[in-house]
Amino acid sequence: MVNITVVGTGRIGTHHIGALVDRVKGATVTALVDTDIARAEELARTYSIDCVAASLDEAFEKAAVDAVVISSPVVTHLPLIRTAAAAGKAIFTEKPIGKDTAEAREATEVTAQAGVVFQVGFNRRFSESWAVAHENVSKGLVGEVQRYHSITRDPGPYGGNPATTPIGTIFKETLIHDFDTINWFMGDSRPVSVFASADALIRPDAKNDGFLDSAVVVIKYDNGAIATAEASFSAAYGYDLRGEVFGSAGMVQMGEPTNTVARTFTDGGMVVPTEGTDTSRYHESYVAEFDTFCRRVMGEDLPHPSGEDGVMAQAIAEAAQLSTSESRLVRIEEIL
């Protein structure tokens, strides 16, 4: 049994708590940590969790803790990772690891020095579609990988607040999933350069404040392969995550904009639902990543998104942001 403290009870934290309590074998949530005590207490009552604390240190004093799940704002990640690693606790952190690549590298070094289990929340690797595709690519079924195209389009209409959205969010928190997945499929090949173009096409009124809601990124790898990743904060037709790997011997596709394989045909044409969110459409992948995390804490050696993976994805995100701001190709060595 793995005793887990969850830090952060916002949207994604609330989802994670439910997934851990209801679906992950061997996981017990023993404490919730949040500065919003009232919200944390309400969740604690819902899931019969005994301990609510305002800090990680307080949780360590009050509850049995083997592992920490970090789902709080990005600015808190590195301090929390330092605290948990110093206490010898296993750590799962939502992406990105830190505010920048330097923080991500420090977090990875701190956890390695402490000898604790460390895993980054790139849940797309655990989606059945991507996992099967990755296995087929790894077996060589598409030959040498030459191209990868990745799509992340959030469901519209966009209802966020550009004024409270950190600059670079489209790269550091949205496309970072795509960057990690591309690196994963590329295997031993390393990214060498990035060129990105982005704009505020959904909220042009916010462009002068640095807000970006639409982007396309081109990544060149040292084996010559080229990857492209695109994102939008508002797809009018629903939630759309897709990927395609093209190789010398074939192609594999994963994901689709629909949330069912059923299609209805009437005199009005074809109808298929495309609504959904990350936590509804990819709930099973979140459960699977936590299952892997808990099994690793209990001693199993399983493939997982590592700190090094998080650093590399974050480096591509930073390179994309720099490329956009300076309208030039950026080499990864400039970031790392």
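About the criteria used
- Residues numbered from 1 in each chain as written.
- Predicted model: local features only at pLDDT ≥ 70, side-chain atom pairs only at ≥ 80, totals over all residues.
- Heavy atoms only, no water.
- Pairing = 2+ DSSP bridges.
- Helix = DSSP H or I, 4+ residues; strand = E, 2+ residues; numbered from the N terminus.
- Contact = heavy atoms within 4.5 Å.
- Axes fitted to C-alpha atoms, helices over the stretch in contact; angles between N-to-C directions.
- Salt bridge = Lys/Arg side-chain N within 4 Å of Asp/Glu carboxyl O.
- Buried < 20%, exposed > 50% of the residue type's maximum accessible area, 1.4 Å probe, protein only.
- Patch = residues over 30% accessible without salt bridge, like charges linked within 9 Å, V, L, I, M, F, W, Y side chains within 5 Å.
- Areas by Shrake-Rupley, 256 points an atom, 1.4 Å probe, with all protein chains shown as cover.
- Parallel < 35°, antiparallel > 145°, perpendicular 65-115°, else oblique.
- Left-handed = near helix turned anticlockwise from the far one by under 90°.
- Nonpolar A, V, L, I, M, F, W, Y, C, P; charged D, E, K, R; others polar.

Read from one edge to the other, the open sheet built from 7 strands follows the order β12-β11-β7-β10-β9-β8-β15, with strand pairing classed as mixed. Both outer strands of the open sheet, β12 (250-254) and β15 (330-331), are each paired with one neighbouring strand and no more. For strand β11 (residues 240-247) and β12, the ladder comprises 5 bridges, and the chain directions are antiparallel. Bridging across to β12, F246 finds its partner in M251. Strands β7 (145-155), β11 and β12 of the sheet are contacted by helix α6 (residues 128-138), whose axis makes an angle of about 165 degrees with β12. Here helix α8 (residues 176-186) sits on the sheet and contacts β7, β8 (191-199), β9 (214-221), β10 (226-235), β11 and β12; the angle it forms with β7, its principal contact strand, is near 155 degrees.

In this section: the pattern of salt bridges. Under the criterion given, the structure shown has 20 salt bridges. E135 is the partner of K139 in a salt bridge, and the nearest nitrogen-oxygen pair spans 3.3 Å. On the basis of relative accessibility, which here comes to 56%, the residue K139 falls in the exposed class. With a relative accessible area of 42%, E135 lands in the partly exposed category. The structure contains a network of salt bridges with shared partners spanning R153, E230, D240 and R242.

In this section: a nonpolar patch on the surface. Together, F195, V216, V218, I226 and L329 line one region of the surface with nonpolar side chains, adding up to about 380 Å² of accessible area. Turning to its location among the elements, V218 is positioned in strand β9. Given the relative accessible area of 34%, V218 is considered partly exposed.

Strand pairing in a sheet takes place through backbone hydrogen bonds and is either antiparallel or parallel in direction. The parallel open sheet is built from 6 strands, whose spatial order is β3-β2-β1-β4-β5-β6. Edge strands, defined here as strands with exactly one partner in the open sheet, are β3 (51-53) and β6 (118-120). On average, each strand axis in the sheet is tilted by 25 degrees relative to the strand beside it, whichever way the strands run. As paired strands, strand β1 (residues 2-7) and strand β2 (residues 27-33) are joined by 6 bridges and run parallel to one another. In the strand pairing of β2, V7 is matched with V33. Of the strands in this sheet, β2 and β3 touch helix α2 (residues 37-47), which is tilted by about 165 degrees from β3. Seen against the sheet, helix α10 (residues 283-297) touches β1, β2, β4 (67-70), β5 (90-93) and β6 and runs at an angle of roughly 165 degrees to β5.

Moving on to the packing of α8 against helix α11 (residues 307-326). Their axes nearest at 9 Å, the elements α8 and α11 cross at an angle of 120 degrees. Here α8 lies oblique to α11, going by the angle between them. The chirality of how α8 crosses α11 is right-handed. Contact residues: α8 offers I176, F179, D180 and N183, while α11 offers D309, M312, A313, Q314, I316 and A317. Among the residues forming the contact of α8 with α11, the class breakdown is 6 nonpolar, 2 polar and 2 charged.

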